[in-house]
Every structure is written in C-alpha cells, then in structure tokens.
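Report on the structure
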Amino acid sequence: MKTYLLGVLLAFLPRRWRASLAGDVPIHWGRAALTSGFLEMLVAFALLAAWYFATIHSAVDQQLDAAMTAAETTGNVPGRGGQIIIGFTAWAYFAVHPLTWLLGYLVCEGLVRTLAAAITEEQPACLFLVVIDRVVEKTRRSLYEARVPLVRDQVIVPANERSSWDLKVLSCRSKPDWKHPLTISYEGEGYKVVADAPGTDARPHGYLLKRPAAGEAFRGFQAYHPEDILLTSDDRASFLVSLFRWYLNLLRKRDEAPLGDVITRGPDGDDSMVLVESLRPKPEWMHARTIEFEERLYRVETAYNATRPRPFGYRLRLLPPGEAARGLIRYSPDLDGER
C-alpha cells in the first residue's frame, strides 16, 4: 500500500526525478499514473467548484451592498435588469480570474493524464514540473558545455589481449542510450556496451565495449563514428518550429526568383577549397560532412554568412587521401552559377 501511494505521488514528477527518488522500489507506473491523473482532475474540479461558489456569492454580495447603499441615497431599488447585470458581473469576474484558469487547466491536465495512462499506457508528468525540469536541465547543460568544449571522441584499444573489454570510448558528451546490451557498429564490427568507464577532463564520459560472443544476437544496433559528436546539433527544432520554418521557406520560394548556387574556387582554379553560396540553407551540410562535387570529395569546414541574394555560405575543403567519408552527400548547383 505504501509503495502504491508513493508511486501515485511520484507520478506527478518528471521521469528523471522519479528515477532518482524511487530508486529500486518496484512501482507499477501505469496504475500509479492513472490514479495520479484521476486524483489531479478530481481535486482540481472540487477546488474549482468551491472557488466558483465562493467567488460568485462574494461578488454578488458586494454588488448588492453597493446597490442598496446607492438606493438609500437615491431611492432607486435595482430592478430585474440590475440584478441580471450584477449576476453577469460576478460571473465575468470569476471567468477572468487567474485562479479560475489555473484550476481549469489542472482539471484538463488531469483528464489528459488519466486518458493517456488508460489508453496509451504513457505516464505523463505535471506540465509545470516538466517545464522546471527542462529549464534546470538546459541551464546545467549550458554550464557543462561552456566548461567542456566539443571535441572528437577518443577510441582506445586495450594493450592486453586478455582485457575484459575490446574498446574504450571517451567522449565530451554523455551518450544516454549507450546502456547494456546495446550493440555499437564501429569500423565494420559489432561491439556490445558492457559498462561505464572513468573519463578525462576533456572527455569525462567513458564507455567500455566488448565483442559479443559467437552467435549472440545484436540488441539495439547503432552505427558509430568518433566524429558523430561533431555532427550533432542541439538546435533541432520541434514540430511547430519546423512547420513555421517550412512556411517561411515556402513564402520565400514564392516571392523570390529561383537562383542557382554560386561556386567560388581558389586562385588559378585551385580545387582544394571551394566556397558555395546559396539562396536557401543546407541544414544537412554540417561540420565534417562529406560532399561529392564534380566527382571529387570535399569536407564541410564551416558555414558563414554570405551576402544577398545568396546569404548562406559554406566552405568546403578537399578531403585528404585516406580520410574516411562521413555522411556522403552528392551535390550539384541548381543552375550554372560558376565564377
């Protein structure tokens, strides 16, 4: 019983808070979330009803006292129309009060959480606590990233063949999905994540990987390269932001005449470095991504702000011999805009 009540209370919290507070306590989160959502809806509805009657009665009494005071002075007693106005004024005061909106939201949130737990078996937390958790996590991550710069992962092979692990990966960023028994594909071989490992100041997150035994099935196969950390972006837009950007691009395409990319080469036609300036952004052209252009391989070095009408610029460097291609993208200008 105590465990069930604990689960009902913890179901209000975000997942990370639940995990840190509950620990290894066996809690059926589905039932706990269902009860938690129903209690939130029930309590909020009862408070909303009590607030409604208290507000309406208080507002009507104040209005009537004011009307009767005025009637003693003027001799005009409020008629039916005046009573309707008094009632409507009291109801309007209740409708626009912030507490009414807060309690109404909690009723709706409790209903949504109850239906989510009953139909989809999800365990959504209270939105206010989720917002606080996101703000705290974003602040913590910003402070961490300001202290630990973004660098390429370090892959270490053990010197002793009898080691309990076959690869050690040190990274400047955590890999929350790297948990046993996830299988990582690296340089054509599969490795199973077996444990965490101590890191260094530049790469504080460490992971131990081991080749799975012969015939062992892969679990959660994931491709990996040490430079993947450089290709990740923290500004991945949500659905609404992506929809808004898509609409803006649609308007830009409608209002602007189509312009091909401008390709700028080095002196005397040197192809070791190429500048590409475009009318529209190329979000997939991230740092270290490989671009195939005119049957040659280039590496994206950086993006820069070019001049209109092609404000999006990219600097490409010829891929050194022997360096592996990363996320190959075949490219050709929209129109012949070479200079």
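Residues numbered from 1 in each chain as written. Predicted model: local features only at pLDDT ≥ 70, side-chain atom pairs only at ≥ 80, totals over all residues. Heavy atoms only, no water.

Counting its secondary structure elements, the chain contains 8 helices and 12 strands. Out of the 339 residues belonging to the chain, those deemed buried represent 32%. Nonlocal contacts in the chain, meaning residues at least 24 apart in sequence, comprise 62% of its contacts between residues at least 6 apart. With the model as given, the accessible surface of the chain reaches about 21900 Å², and the carbon-plus-sulfur share is 61%. (Helix = DSSP H or I, 4+ residues; strand = E, 2+ residues; numbered from the N terminus. Buried < 20%, exposed > 50% of the residue type's maximum accessible area, 1.4 Å probe, protein only. Contact = heavy atoms within 4.5 Å. Areas by Shrake-Rupley, 256 points an atom, 1.4 Å probe, with all protein chains shown as cover.)

Within the largest apolar cluster, 12 residues are counted, these being Ile 263, Val 274, Val 276, Trp 285, Ile 291, Phe 293, Tyr 298, Val 300, Tyr 314, Leu 316, Ile 329 and Tyr 331. Elements with a minimum of two residues in this core: β8 (273-278), β9 (290-293), β10 (296-305), β11 (312-318) and β12 (329-331). (Core = buried A, V, L, I, M, F, W, Y, C linked by side-chain atoms within 4.5 Å.)

In this section: the pattern of salt bridges. What the rule picks out here adds up to 13 salt bridges. Where Asp 133 meets Arg 16, a salt bridge forms, and the shortest distance between an N and an O atom there is 2.7 Å. Taken together, the residues Asp 133 in helix α6 (residues 127-147) and Arg 16 in helix α2 (residues 15-22) connect sequence positions 117 residues apart. Here Arg 16 falls in the partly exposed class, since its relative accessible area comes to 42%. Two residues, Arg 140 and Glu 137, come together in a salt bridge whose shortest N-O distance is 2.6 Å. Placement of both Arg 140 and Glu 137 in helix α6 is noted, with a separation of 3 residues, approximately one turn of the helix. Within the structure, one salt-bridge network assembled from shared partners comprises Arg 16, Asp 133, Glu 137 and Arg 140. (Salt bridge = Lys/Arg side-chain N within 4 Å of Asp/Glu carboxyl O.)

Right, let's get into the packing of aromatic side chains. One pass over the structure, following the stated rule, counts 10 aromatic pairs. Plain terms: the ring middles of Tyr 52 and Phe 94 are 4.9 Å apart, the flat faces sit at 85 degrees to each other, and that makes the pair edge-to-face. Here Phe 94 lies in helix α4 (residues 80-96) and Tyr 52 lies in helix α3 (residues 29-74), a separation of 42 residues in the sequence. Phe 94 gets classed as buried once you look at its relative accessible area, which sits at 10%. Here Tyr 105 and Phe 128 contribute two aromatic rings whose centre-to-centre distance is 5.3 Å and whose plane-to-plane angle is 65 degrees, an arrangement assigned as edge-to-face. (Phe/Tyr/Trp six-rings, centres within 6.5 Å; stacked < 30°, edge-to-face > 60°.)

So, about the sheet that holds strand β7 (residues 262-265). Ordered in space as β7-β8-β11-β10-β9-β12, the 6 strands form an open sheet in which the pairing is mixed. Each end of this open sheet is capped by a strand with a single partner; those strands are β7 and β12. In this sheet, neighbouring strand axes are inclined to one another by 35 degrees on average, regardless of whether the strands run parallel or antiparallel. Pairing of β7 with β8, which is carried by 4 bridges, proceeds in the antiparallel orientation. Pairing of Thr 264 across the sheet is with Leu 275, part of β8. (Pairing = 2+ DSSP bridges. Axes fitted to C-alpha atoms, helices over the stretch in contact; angles between N-to-C directions.)

Here Ile 119 shows up in helix α5 (residues 98-120). Owing to a relative accessible area of 65%, Ile 119 belongs among the exposed residues under this scheme. The spacing of Ile 119 and Leu 34 is 85 residues in sequence and 9.9 Å in space, taken between C-alpha atoms.

This part covers the pairing of strand β5 (residues 205-210). In this sheet, β5 lies alongside strand β2 (residues 167-171) in antiparallel orientation, the contact comprising 5 bridges. Paired with Leu 170 across the two strands is Gly 206, which belongs to β5. Here strand β4 (residues 189-198) pairs with β5 via 6 bridges, running antiparallel. Considered in β5, the bridge of Asp 196 is made with Tyr 207. Hairpin connection between β4 and β5: a loop of 6 residues separates the two successive antiparallel strands.

Among the secondary structure elements, Thr 290 is positioned in strand β9. We classify Thr 290 as buried; its relative accessible area is 1%. There is a polar contact of 2.7 Å between the side chain of Thr 290 and the backbone nitrogen of Arg 326. The contacts of Thr 290, once residues within four sequence positions are left out, are Leu 297, Tyr 298, Leu 319, Ala 325, Arg 326, Gly 327, Leu 328 and Ile 329. (Polar contact = N/O pair within 3.5 Å; in protein donor to acceptor, adjacent residues only side chain to side chain.)

So, about a nonpolar patch on the surface. Together, Tyr 52, Phe 53, Phe 88 and Trp 91 give the surface a local cluster of nonpolar side chains, amounting to about 460 Å² of exposed area. Of all elements in the fold, only α3 and α4 reach the threshold of two or more residues within the nonpolar patch. Inspection of the secondary structure puts Trp 91 in helix α4. (Patch = residues over 30% accessible without salt bridge, like charges linked within 9 Å, V, L, I, M, F, W, Y side chains within 5 Å.)

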